[in-house]
Every structure is written in C-alpha cells, then in structure tokens.
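Breakdown of the fold
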Amino acid sequence: MVQPSKVKRKSSIGFDDGGMSKFSIDSSSLAEVSDSGEGRPPAHLMPVANRDTFTKQETKAVNSVKMVVYLILFLSAIGFAIATYFLVDEEQSHEYKTDLNSISEIVAIDADLKLRGIVTQLQTTSSSITSQSMANDNDKKVTLQQFDRRMSDFPNSTQAVIYAPLILKSEVASWEAYSVQEQGWIDEALADRGWTAETTAIPETIQLLASSRFQDTYAPIWQMSPVPPDRAIINTDLMSHPDIDSLLREVMALNRTKVAISGIVFVNDILRFVPNVTQSKGPTSILAVPVYQDFAVDSAIIGFVLGIFSWDVILDVTLEKAQPVVLEIDQSCGPSFSYQANKDGITYIGTDSNSATDLQEEHPLFDFCNYTLTVGATGDFRDSYEDSTPLVSAILVFVLFAFIMSVFFIYDFIVQQRQKKLLMTAQRTNAVVSSLFPEDVQRRIMAEAEEQEKKEQRMTVTNKMKEFLQDTAQPASKGDKAAELRGKPIADFFPEATVMFADLVGFTAWSSMREPTQVFTLLESIYNSFDEIARRRRVFKVETVGDCYVAVSGLPDPCVDHALVMARFASDCRIRVNELVKELEVMLGPDTTELAMRFGLHSGPVTAGVLRGDKARFQLFGDTINTTSRIESTGKRDRIHISQETAEYLITAGKQHWLKLREDRVTAKGKGELTTYWLAINKLRPTSTSASVVSSDWSVNDNHDIGASHANLWSTEEPEDRLTEKHLRLVNWITNELAEILRQLEVSRIGRPESKSLTNLEQLSISKSSGQNPLDEVEEIITLPQYRALSREVSDELERENFMLPKFVIDELRAYVSTLAGMYLENPFHNFEHASHVTMSVVKLLSRIIAPNIQIEDDDFEAALHDKTYGITSDPLTQFAVVLSALIHDVDHPGVPNSQLTKEQTRLASMYRDKSIAEQNSVDLAWTLLMEGNFRNLRQCIYRTEAEFYRFRKLVVNTVLATDIMDKELGGLRKERWNKAFSEEVVEDPMTTVNRKATIVIEHIIQASDIAHTMQHWHIYRKWNSRLFEEMYKAYTEGRAEKNPAQTWYEGELGFFDFYIIPLAKKLKDCGVFGVSSDEYLNYALQNRREWELHGEKVITSMVEAIRMKTSQNYRKPVEVKPDNGKSINIDNLKLREIPSEITTVPMTELPPNLNVLFADDSLVSSKTFGRGISRVAPTWKVKFANSAEKAYEIATTSEIDFDLIFLDQYFVNAGQNDNSMLGTEAVVQMRNEGIDARICGMSANDHEALFDEAGANSFTFKPIALKNDALKLELLRILNGHDLDMV
C-alpha cells in the first residue's frame, strides 16, 4: 500500500541553454513510492498484468485488516461498557461503606467524649471532696462548698450529679445529726439559682427505698445538682435501690479503679425531685466514682459521686442524610437497646431490636459493663446509594466508542481517496522513468535507494544515539575544544526582556543553625516550586547562585507581554515561598517561617547566549542584569521591587493598580538615583490546595447557628486549640524529633528480654522524703548502660527494619508536647519559641557526636563508637532525655531571674529553698504531667525496666538543672566535675571515668544549647539578645529589678563572652566528641564578641528605642492602599447606623452579652478557629457563618436576626474564579445601602483598611485573628470600641 506521507515529486523536465532537453530525477523518490517486499520490484515497475494482480491482493489484505479493526473496536466498546458499569457500581458501594464508616466514627467519638466528660466531672468532684475531708482530719462528714455551682460549670451531659457518703450502721446517728445541722447548703444553692424551696427541712433519718432488706452500710443522698427544691430526697439511701447497690459494691470491689458504669437503671423516683428534667424516652444509666479518705494508695472509701445520664443525650447526633442508620448499644449488664439517627435527630426504638439490614461497625464505649456501640445501615440508607448511574455510564462509554468508530471510518475513506490520487501520480512518474532508463538500470537505481534508506535508519536508531552518548560522556580533547571555540558562538541580542532576581532573606543566619542536608532540603523545595511556576508561566529559569534565583521572560522566545508575565511569576513565587516555609517548619525546625524572598524586576535589552567550554551554561549579560541586581538588593523582605522601566510596561498593559511608588529613591552604579515601585497583585491567590481544602468532618452551613450549640461543638478544648499556628508547627516538629528517637529506642530493645513487667512499672514513682527537691537528686555520675550488640537474628533484623512507632504513642507524645507548650508563659525570651530553639541546638549537637579519626574495623565499629563517645551514641534513652530536657527546661518561667524570686520571697522560692527555683519548678511540672494517666503508653515506650525509669529521671533532673548558670555554687561544682572528668591526674575505675565524662558532656550539651544563639550567626544572636534585654527591661519597668539593664548590658555581654561563652565553646572542643561543630561554635562566639565590642553600644540604644516605641505607640499599619480591582464603590446612599444598646458605652472594658454575630470567610479553618474562640470568651454570643460575600449579604438582609457585629473577608475562593463575584468591600456597600446598621469589621491578610473604611465599615482586623483568649478579647473590644483601649 502506498504511504501518502512518503511520496515526493522531485522530477523536473526543462531545456538547457543549447536547446537540448534536460531531465533530473532523485532516486530516493523511487524508493519512497515503493511498497514492495524483499527481493520484489516496486509495484509501479512491474508489468501491467502483474501490477493489477498485486494491487487487488493488497486491497483485499487491507480490507481484511480494517474489518478486524472494526470488530476489535466493537468488542472493546462492549467490554469497556461492561467494565464501566461494574466500576461505577463498585464506586457507589465504596462510597456507601465509606459514609457509613464516617458516620460510625462521628457517633462513637461524640458518645465517647460525652462519657469521658462525665467521668472528668465526677473525678474532679471526688478529688475536691477528698481534699476537704483531709482538711477536716479525714472526717467523712463533708459538705462541698458551692457544690451546685461547681457542677453547672461542666458540660451538661448529666441529668443529675449526686454525692452520697458511705455510712456504716454504727455511724448512722452521727450522720443524721450532722445532716440536719448542715442542710443550709440547700438554701444557698436555691438562692444562687433563684429557685423557691418547696420544703424547709430534710428528713431527720435515713430513708430507705426498700425497707425490707438488711443493710450494714448506707449511702444517703447528701448533695445533689441541680439542687432539689423538695428536700424529701435528701438522706434517701441509694444502697437500698437494688441496681444502685450493685453498682456501688462493684466500685468498692474494684479497689483503685476510678469509675464504674451501671446497666439500665430506672431512677424516676430520684429524677422526679430534679427540676426542669424531662423524662427521657430511652434508657438511663449511672456512672459512679469513689471518694477516698486521702490520696494514699491504700486509702479507704468514704463515699461516692454518681452521675445519672440518659442515653438519649449521649447518642444525640444529627446526620446529613434523611435515610436513617441504627445505633445499637450492647451491654453485659442487661438487654441491648437501639436508636435510629438521621438528619432530624435520634429516635428510641426499644430493647432487643435492631433494624440494621446491612453493614455494621462496632465501637467499644466503656471498659466496665462492656458497653458496645454498633452502627448499622438500614435498607433505606443502602438504597440511597443505588441509582442508574452505572447503566448511564456504560451507555455513554458505548456511544463514545461508536463515535470513535464513525470517525475512523470517515478518516479511512478520506485516506483511500488520497491514496488513489497518489497512485495515479506514481504511475505517470513510472511511465516517464521507463521511457528513459532500461529495465536493469531501473532495478539498480531502486536497489541503491533502498540500501541508503536502510543505512540511515540504522544510524538513527543505534549509531547516532551511541555517538551522542560517547560525545557527552567523555570530555572533549584540546583539539575538539579548539575546534569548538573556532566556531561561531551561540548568542543573540534581545531588545526587550524582563529579568528577575530573587534572594532568600535571612538564609545565612538560618543556615548557621542547620545541618547541610536541611539547608539543601529548603533550597530544593523552594526552587523546585519556582521551576514549576516558571513552566506554567512560560518563564525561562537562568540559574541559581547560592540562595539567589535568576529568571527572565521575553527570551529565548520573544513576547510583547514579558513584564506582565514576570510580574505574575514573581507574585506567584512570593505566595508560594510563604506557604512553603510554613510547611517546612515542621520538618526543619524553628525560625523557618521567618525566611522570606526579596524580589527585584527590571526590563531592558539583554545579550544572551551559551558560554562554551567545560560545563557550558546559558548566560545573560548587559546593563539590565546589573540594574536588576541593584533593584533586588535594595528591596525589602517579602516584597517585589520593580524599576521605572518595568512599571511603564505594566502601566501600558493597564495594570497601574498593581503599583505603589516607593518614597525613597535607589542609587545604582553609573545611573544615579532611580525611581522604583512596589508591586502588589492583591487579587492573586495561592494556587496550592492548602488554601481551599475543606475537611470532610465539618462544613460551613449558612443556616447553622453555632452560638446556640457551643457545648456540642467546642466544649472540649484540646491543648492544640490554645496554641498559635506557629507554635503548632513547632509542636509538630518537636514531636517528630522525639518520636524518631523513641523509635530508635524501641528498635534497640528488639530481641532483648525485659527484666520487669509493664504492669509493675506503673507503680513506680519518685519517693521523696519531706522537703526533698529535684536539686537534691542531682548526681555527680550517671551510669549509662554498657554496650550491647544488637541481635543478629534474621527475624529481629527484619523487625527492626520495618518497625514503626504506634500511632497512639505518637498521639500521646504530641499531646504531651502541646500541653508543655501551653504551660510556657508569654515572656519575650523565656518562652516556647526559645525552648524550641534550644531543642534544635541539642538535636544538632547530638547528631554531631562522632568518634575521633581512628581506624575501626566494620565489625567493631558500633562498639568502638560507643567507647569513644562515652556511651551516648548507643543509648537512645539518654538522647531522648536530653532532647526532652531542652523542651521542658523553662516551663512556667516567670520572666525574672531566680535571684529576684528569692528577693520577693515567693512561694516557689520557699519551696525550693532559694536554689534553682525556676529550673526545679520546670522539672516538677513536666514530670507531674508525664506521670498522668493520659500518657501511660508514652511512659511504657520511654522506659521498660526499673533501671531505665530511674536513669531517665536522673538524666532529666541533671540536664535541666545544668541550665542554671547564674548560681555560683552550682557553677563551681560543675567546674570541679569537669576537672575530674578530663584531668589525667585523677585515677579511678575506667567505667566510672567514662560515665563521669558522659555526665559532664550531657550537661555541656544543654548549657551550650541554652545559649546557642551566642554561638551562631550575628543576626541570630541579635534576635535573642534583644528579646532577653526586653524581658529584663520589662522586669525593671515593673519594679522587679533594681538596675536598668541598659546601663550594664554592654559590659555584661563582653564579660559573658569572655568568662562563660568562649570558655564553654572551648570545652566543647576539648570533649573531643563534637567534630567540626566545636570549631563552628567557637568561631561564631569569637565573631559575635568582636561585633558586640564594635557595635554593642549602638545596638543597646536601638533596643531601648524599640522597646519605648513598642510600649507607647499603637501598632496599626499605615493606611496607604488604594482599590486594586478597578471597581468604583458607591457610598452616596449610605445610611448611618445606630450603635446597639448593648455596646453604647465607649470605651467598654468587658464584652457585652447576647450579641448576634455574622462571620463571612470561605476558610473552614478560620471559621472553626473563630467559633472556638467565641465559645471561650463570649459563650452567650450567637454566631452565624457564611462562605461568600453574596451569602453574607443575603443572610444580613433577609434573616429575621438583627445582627450587632458582622465580619467580612475581602476575598473569597469563588471570587478568584469569577471576576464578577462580590468582594467584601462591595458587600459592605450593599449592606449599608439596604439599611444594615450593624458594626461591620473588614478582614484581610493584606492591608485593606482604607478600602473597607471607604466602603462604610467601622473597623478592620488583620488575618489570622488572634487565637489566645486574652488577645482575642482585646481584639473584639477594639473592634467594638472602634479603637485600641490604650488610646482612650
């Protein structure tokens, strides 16, 4: 068959100057029109009869192939349609299973949280009663003050909370007299609630619910919440109720178990005395907690705290679907019972009934009475996921294949018509050739053409590729280079282009604290993301030099909008790098988010080309490059600085609203002063998914009244909720570091038998004699474990290779770190951020502990490394203790030195006998937290034996207390230990020497890390030095320091360098285990000392000035932004609002109650954060949410609610997709035109205060809104008052 693309007409006929005919023919054309087989002449060179037969045969073969292709397409259509049907059907089934599992988890988690909330309420009440009993000489006759008010502070998941003392038969008379005498608590509680008493006296004797049974003990109801107006219920014996009696006796039998739960209990005879309690349709159960005489392990039970709850409340959940699911509760104490749940709520079905017809998910709810929640699907729920989609999809696939077959048929018909024309042309050409050449010459020409074609094919596929690889793999010889350089250079001149230089601000200081691998991780992440944006924007990346990124638009492919393209590219890069540093802080540690790019853009002519030679590169030359570099270097962090030339291009393109004139002028070499601009493409949004991710477990519902259901949504505040976004990233980074060490610790235990069971380890505690403190536990020598080779069993090695730390351990570790972060005070220096910085330095120093340069055989390497590093490298428990000590060493630090605490005679100073006060307090707080029941799995991962437990404790105490460098006595003792450890004159047992050195090295690791900023880059030192100065200056202004630190700071820092920092850095080198880090620390210390000596006095002046400005000025950013969307804002018809009566007092100092608030933001995270914050600082406020400006306008103008306060974001996701979507400022204008008189507050991450003010808003706030309670309250007060409180 003749291929149409290979036919070339290269023959020509004409006449030469002499009139003779001239004919030329390209032999390749003869080969290209041939379709003959091996050894067979082309069809057009055959005799006519043979040629006709050949043509018929070829046509028949082609038609047969086409029929096979059509058949294959038809069968494929059927096959793909069937496959599509089953795939879509399977997808529906998967969606059904996924949704049911999600519903199951939501219901189970909600029920579990409510039950645990009740348990927490009961345990807290039990502890309070025990404390009061101890204060009364362990007397069980106790009346808890404000019992009813205490119970009302807890989440309202219980119908009633009861305290019943355990009264022996011999104590009945004494109790009855006491109860009559102390019944005054009922009057106080009723007065507090504003209720009227129905009876005036309680029964004078204990009342039995079943008087016929013999009793040796009684549990009379004494205190109850809600307080009963009818006092007849008081002194009713609960142990005369059969079900409650069984429950209480189970509590007594469970020894130290803190809680027990009953089966279904009918307590209507008790609940009828509780006011405002509706009788539930579902079953009721009781949770019981014992009350002990004291906190000793073997303490006797003196009473019980009981919580009566209805399963209607525990299982109360509203789903999104109308079709119901079944919630079945199975219990070991009685019959099972069931509910149905859908979008209308839950409905009680009854006992021993289950309407579930399909999948079921089980979730154990409680350890006692073996309650199990089973969530199953009903037939209606399953049917809601089945429709005709699989069939429709299969039909569409079949139709698509039918369309493809028709297109193929039409294409084949067109090709056949073209082939006929080409064949006729080839036949005419053959006739001309046949008339000029004999038959044997024709065959020879064709043979030569075919041979040349085969040779070219072989070169293309094999030889050419081989020659190319050989040329690139081997360096060129001098002769080849000379020949190459003699050729014409590859270069060109481009009259119009825009160049961008982007430099990472703060990178040098940041990298001084990091490992080389971390430095490259940062650069690769940032520049790879820039490369992706460059490919999308069609920008040419030139090179990266260090932390500088160079790109150009307008070459090598010229384009007229090169400045516009580069402006958008730079803006995309700025947004992306700000996202990346937040993401990378979890991996790379503190201060990563302080990095930012500085951009410089300039337009002009550029000479570009390939600079030949070794490692040839594409280069740019010319004055434009020099000017761009100057524009970049004179810019500011996180801003795009552009020249006048680039600005003119943008103005021509109609983008003048992107520009803001820079007030000061820039000086460039050879050009003098330059006029420059700042570029701000405000409407450009982040392209990453992080900006628009919506969690599946919560959605913004415009009709959902969050203010009315605070208790259900946000009644439980996790530790993470109290932290800022930056602190959460630091928490995750620290968790990852500690988790990796814990994983190594668990790996080291594989194959080694443990010497003590985990159950017994839970009984371990630090026994202290009276008045003993952590300082008394400091030991001169901590014995580290001797080297033990890892098991070489194949199974053990495989387990070590694949071992992963359990998720529940990581979750407990994250919760522990989060809680510690929340325990840090907001000091300028001694805060959680500084603790993270110290932790990072400890991690770096531990990673740098290496053996000296010695020859070690591979088999003995680990053992030799253990010996040379004093056992630190082979003991993950030691490493974990040191890193953890860095995290906790300043917990609850008050922001003043220990000496000041001693002068003030604080409680802590007295407790710790004026020694290492802050450090000992940090140890006790962190250790007490770790010993809580919430971290049982974490503790079992840290230590497995009694020896590990005590070694871990010693390491933490020694390490944390080593950070007290101001105590001269302790400093002298540490100096003596150093001299003993590294003095050749001391002769002692080798193992004792090794352990002594290990102990002193660990102390020096934490000491160096605590002041690591002094041995890092000058900018890092300046940052933390200024924060410490601010903290000391604050103490001075508050009267907590006698001297102004500014007067002695210069000389003090020099002395600190000379007598502590530099000697400490030299000791790190003398240890011989830190490698190049010791030289690095010493060099930075010497450099910073020189810099401080030269510039310290000026630095102090600037620090004092900065503090004065910070304490005396309002921190609002300047209002200089103009509208960036080109749209005019109509404010001619604005109506002035009237301030609601609740907020007429100006300035107010407390948030008014019962405000209606509308919060419009498309970010789910921002909405949930704001809702949680309001639930804490203003729980009576009613909050509605909107996810667009249009929806906010609709709610504000159509809702029956009269809103007092409206928050409006400027940009929404849908506004980025559609330029016609409403902006926040436009919504403000329309609301004012509609007569909405609420106080409106604009929100934005950019400075849009002027825009909102022009639109008619009353206030403006920057996003994200404050997270912590005090900061959020102050911000809300500022918004309501219209100004900062400190300006009043």
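Please read these numbers as outputs of a predicted model, since none were measured by experiment.

Turning our attention to the overall build of the chain. When helices and strands are counted, the chain shows 41 helices and 31 strands. Counting over 1288 residues, the chain shows a buried share of 47%. For the chain, contacts bridging at least 24 residues in sequence account for 74% of all contacts bridging at least 6. Surface accessibility of the chain: about 64300 Å² in total, with carbon and sulfur atoms responsible for 52%.

If you walk across this open sheet you meet the 5 strands as β28-β27-β29-β30-β31, and the pairing is parallel. Unpaired on one side and paired on the other, β28 (1182-1186) and β31 (1259-1262) mark the two borders of the sheet. Averaged over all pairs of adjacent strands, the angle between their axes in this sheet comes to 20°, without regard to strand direction. Direction of pairing for strand β27 (residues 1156-1160) relative to β28: parallel, over a ladder of 5 bridges. Within β28, the position partnered with F1159 by the bridge is F1185. Strands in contact with helix α36 (residues 1164-1177) are β27, β28 and β29 (1205-1209); relative to β28, the strand with the most contacts, it is inclined by about 175°. Lying over the sheet, helix α37 (residues 1189-1198) contacts β27, β28 and β29, oriented at roughly 140° with respect to β28.

We now examine a negative patch on the surface. A cluster of acidic residues, D89, E90, E91 and E95, forms a negative patch at the surface. As for its position among the elements, E95 is in helix α2 (residues 48-135).

Now for helix α15 (residues 562-588). An α-helical segment advances 3.6 residues per turn. Residues three or four places apart therefore align on the same side. By the largest-angle criterion, K582 marks the main kink of α15, which is about 25°. With 19 of 27 residues buried, α15 lies mostly within the body of the structure. Looking one or two residues beyond α15, the residue adopting positive phi is G589, at roughly 95°.

Backbone hydrogen bonds are what pair the strands of a sheet, in a parallel or an antiparallel way. Taken in spatial order, the 5 strands line up as β7-β3-β11-β10-β9 in an open sheet, and their pairing is antiparallel. Looking at the sheet topology across the chains shown, the edges are occupied by β7 (223-225) and β9 (260-261). The sheet contact formed by strand β10 (residues 284-292) and strand β11 (residues 301-310) spans 9 bridges and is antiparallel. Directly across from I286, in β11, lies its bridge partner I308.

Another point: the side chain of D531. With respect to the secondary-structure elements, D531 resides in helix α14 (residues 516-537). The class of D531 is buried, set by a relative accessible area of 14%. At a separation of 2.8 Å, a polar atom in the side chain of D531 contacts the side chain of Y549. In this structure D531 touches K541 and Y549, once residues within four positions along its chain are discounted.

For the rest of this paragraph, the subject is helix α17 (residues 644-652). Buried within α17 we find T646, A647 and L650. Along the long axis of α17, the arc covered by the buried residues comes to 100°, so they all point the same way. If you follow the buried residues of α17, they end up packed against β17 (491-505), α15, β20 (596-611), β22 (639-643), β23 (659-661) and β26 (676-679). In the stretch just after α17, G654 is the one whose phi turns positive, near 80°.

Below, the discussion takes up the packing of aromatic side chains. The relation between two aromatic rings is expressed through the spacing of the ring centres and the mutual angle of the planes. Across all of its chains, the model carries 38 aromatic pairs by this definition. Through a chain of ring-to-ring contacts, three or more aromatic side chains come together here, namely F880, W927, Y943, F949, Y950 and F952. Just above the ring of W927 sits the side chain of R953; from NZ or CZ to the centre is 4.7 Å. Seen from the ring of W1024, R1027 lies directly overhead, with NZ or CZ sitting 4.6 Å from the centre.

What follows covers the side chain of S916. Mapping S916 onto the fold places it in the loop between α27 (907-911) and α28 (917-930). Note on S916: relative accessible area 2%, which makes it buried. Once residues within four sequence positions are removed from consideration, S916 is found in contact with L775, N898, L961, D964 and L970.

Turning our eyes to something else, we now look at the pattern of salt bridges. Counted by the stated rule, this structure contains 43 salt bridges. The partner of D245 in a salt bridge is R249, and the shortest N-O contact between them spans 3.0 Å. With D245 and R249 both in helix α6 (residues 242-253), this residue pair falls 4 residues apart, about one helical turn. For R574, the salt bridge identified is with D638, shortest N-O distance 3.3 Å. One end of the pair, R574, is in helix α15; the other, D638, is in the loop between α16 (623-633) and β22, and 64 residues separate them in sequence. Using a relative accessible area of 26% as the deciding quantity, one classes D638 as partly exposed.

In terms of burial, β29 is largely enclosed, as 5 of its 5 residues are buried. Here β29 shows no split at all, with L1205, F1207 and D1209 on one side and I1206 and L1208 on the other all buried. Bridge count for β29 against strand β30 (residues 1239-1244) is 5 bridges, and the pairing is parallel. Of the residues in β30, the one forming a bridge with F1207 is C1241.

What follows concerns the pairing of β11. For β11, the buried fraction is high: 10 of the 10 residues fall into the buried class. Note: strand β3 (residues 160-165) against β11, 6 bridges, orientation antiparallel. Across the sheet, residue P165 finds its bridge partner in β11, namely G303.

The grouping of L71, F74, L75, I78, I82, Y85, F86, L391, I395, F398 and V399 at the surface amounts to a nonpolar patch, some 1000 Å² of accessible area in total. Elements represented by at least two residues in the nonpolar patch include exactly α2 and α10 (389-436). Looking at the nonpolar patch, the element that brings in the most residues is α2, giving 7 residues. Relative to the assigned elements, L71 resides in helix α2.

Let's shift gears to the confidence of the model for the chain. Taken over all residues, the pLDDT of the chain has a mean of 76, while the share at 70 or more is 76%. Within the chain, β27 carries the highest mean pLDDT (93), whereas helix α18 (residues 710-714) carries the lowest (32). Scored below 50 in pLDDT, residues 460-473 makes 4 contacts in the model with residues more than four places away or belonging to other chains. Ignoring residues within four places in sequence, the model shows residues 755-759, a span with pLDDT below 50, making 6 contacts including any to other chains.

P226 follows S225 through a cis peptide bond whose omega is 0°. As for its position among the elements, P226 is in the loop between β7 and β8 (236-237). Here L555 and P556 are connected by a cis peptide whose omega angle stands at 0°. For P556, the location among the structural elements is in the loop between β19 (548-553) and α15. We note that D892 has phi near 60°; this positive angle belongs to a residue other than glycine.

The rules we used
- Residues numbered from 1 in each chain as written.
- Predicted model: local features only at pLDDT ≥ 70, side-chain atom pairs only at ≥ 80, totals over all residues.
- Heavy atoms only, no water.
- Helix = DSSP H or I, 4+ residues; strand = E, 2+ residues; numbered from the N terminus.
- Buried < 20%, exposed > 50% of the residue type's maximum accessible area, 1.4 Å probe, protein only.
- Contact = heavy atoms within 4.5 Å.
- Areas by Shrake-Rupley, 256 points an atom, 1.4 Å probe, with all protein chains shown as cover.
- Pairing = 2+ DSSP bridges.
- Axes fitted to C-alpha atoms, helices over the stretch in contact; angles between N-to-C directions.
- Patch = residues over 30% accessible without salt bridge, like charges linked within 9 Å, V, L, I, M, F, W, Y side chains within 5 Å.
- Salt bridge = Lys/Arg side-chain N within 4 Å of Asp/Glu carboxyl O.
- Lys, Arg positive; Asp, Glu negative; His and termini not counted.
- Charge placed at Lys NZ, Arg CZ, Asp CG, Glu CD.
- Bend = angle between axes of the 7 residues up to and from the residue.
- Polar contact = N/O pair within 3.5 Å; in protein donor to acceptor, adjacent residues only side chain to side chain.
- Arc of directions from axis to C-beta.
- Phe/Tyr/Trp six-rings, centres within 6.5 Å; stacked < 30°, edge-to-face > 60°.
- Lys NZ or Arg CZ within 6 Å of the ring centre and 35° of its normal.
- pLDDT = per-residue confidence, 0-100.

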